[in-house]
Amino acid sequence: MAQHLTFYRYHALGNDYLVMPAHENRGLGTVPASDDIVRICHRHFGLGSDGILWGLPGQDGADFAVRIFNPDGSEAEKSGNGLRIFCRYLFDSQQVNHQEFSVWTLGGVVKAQVFEQGQTIRIAVGQARFEPAVTLAVAGQQLQVLPVNVGNPHCVLPVPKASAEQAKQLGAVLEVHPHFPQRTNVQFLEVIDRDNIRIEIWERGAGYTLASGTSSCACAAVARKMGWVNARVTVHMPGGQLLLDIDDNFHLTMTGPVTRVASGQLYPECLI
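Every value quoted in this text rests on a predicted model; they were computed, and no experiment measured them.

1. What to know about empty space enclosed by the protein
Per the counting criterion, the structure on display carries one cavity of 30 Å³ or more. Looking at the largest cavity, its volume works out to about 120 Å³. Every element with two or more residues in the lining of the largest cavity is listed here: β2 (15–21), α2 (80–92) and α4 (213–225). Class assignment of the residues belonging to the lining of the largest cavity gives a composition of three nonpolar, 10 polar and three charged.

What follows is the structure in structure tokens.
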């Protein structure tokens, strides 16, 4: 591989991604190889990132498309923060304006709109699909978890007080529990009041995470279904806050910030 690789770095509440448009990075092939993803995302041997957003032309009737790769080389169906970042890149590169547009993901097509010159993005994430609560044996404990899918799988644990220690100690075990053959994202949900929840997150393929858009959606949907919160709820995470709107059929709309960080060239010797 002789050519340099182009990247655009953004973060959404501390959850950082590299946007790598396919048409600017033919040297990585149709999609990046798993080993290349791991090296690029490594915070010592590569650029460092919570994932790669591989931008593609639209498909299935959507205006644009993106494939989302985790730092362990696996592929995610959907990412709320990743989608907001990709939409900000589209705005910054003058491919969209403030009008609504659509983006294809493996987890379904979403509608998006950019506000405040790209600093705030609204995403219609889709409908939450609930599964029955289940009790799992984890690290010598019996934990009742609430599985929910918002285009990707989640496992929500309501707790009196959410903590990073919980997420780090139990998240890695729950992610790969046999009950979840495709692995799962894990959230610890604390209800503050009817308008606010706090969550801690262990993300499938990435580990402990400061913020997650789809995790916020999953927790807000569970809290709403249980009758603990109103139809509009603010989700508090270590990296910041997201606003979630939940309709009566559990369709979710997420609004939150994106920060532009840098752009540049990755030298191919990094991947050797």
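2. Here's the deal with the pattern of salt bridges
One pass over the structure, following the stated rule, counts 12 salt bridges. In this structure, Asp-72 engages Arg-183 in a salt bridge whose closest nitrogen and oxygen atoms are separated by 3.2 Å. Here Arg-183 lies in the loop between α3 (164–175) and β13 (185–193) and Asp-72 lies in the loop between β4 (64–69) and β5 (75–76), a separation of 111 residues in the sequence. Under the relative-accessibility criterion, Asp-72 is labelled partly exposed at 33%. Sharing partners across several salt bridges, the network here consists of Arg-9, Asp-16, Arg-43 and Asp-50.

3. Quick notes on the nonpolar core
Judged by nonpolar contacts, the single largest core of 55 residues is most densely connected at Phe-86, Phe-101, Val-103, Ile-123, Ile-197, Leu-244 and Leu-252. With near-sequence residues (within four places) excluded, Ile-197 lies in contact with Leu-189, Glu-190, Val-191, Ile-192, Cys-219, Ala-220, Ala-223, Val-229, Val-233, Thr-234, Val-235 and His-236. The next biggest cluster of nonpolar side chains, apart from the first, holds 19 residues, and it includes Leu-18, Ala-22, Ala-65 and Trp-104.

Calculation rules
Residues numbered from 1 in each chain as written. Predicted model: local features only at pLDDT ≥ 70, side-chain atom pairs only at ≥ 80, totals over all residues. Heavy atoms only, no water. 1 Å grid on protein atoms, 1.4 Å probe; cavity = no way out; pocket = protein on both sides within 12 Å on 5 of 7 lines; lining within 4 Å. Points joined across faces, edges and corners; volume = space filled by probe spheres on them. Helix = DSSP H or I, 4+ residues; strand = E, 2+ residues; numbered from the N terminus. Nonpolar A, V, L, I, M, F, W, Y, C, P; charged D, E, K, R; others polar. Salt bridge = Lys/Arg side-chain N within 4 Å of Asp/Glu carboxyl O. Buried < 20%, exposed > 50% of the residue type's maximum accessible area, 1.4 Å probe, protein only. Core = buried A, V, L, I, M, F, W, Y, C linked by side-chain atoms within 4.5 Å. Contact = heavy atoms within 4.5 Å.

Purely geometric stuff here, so don't read any function into it on its own.
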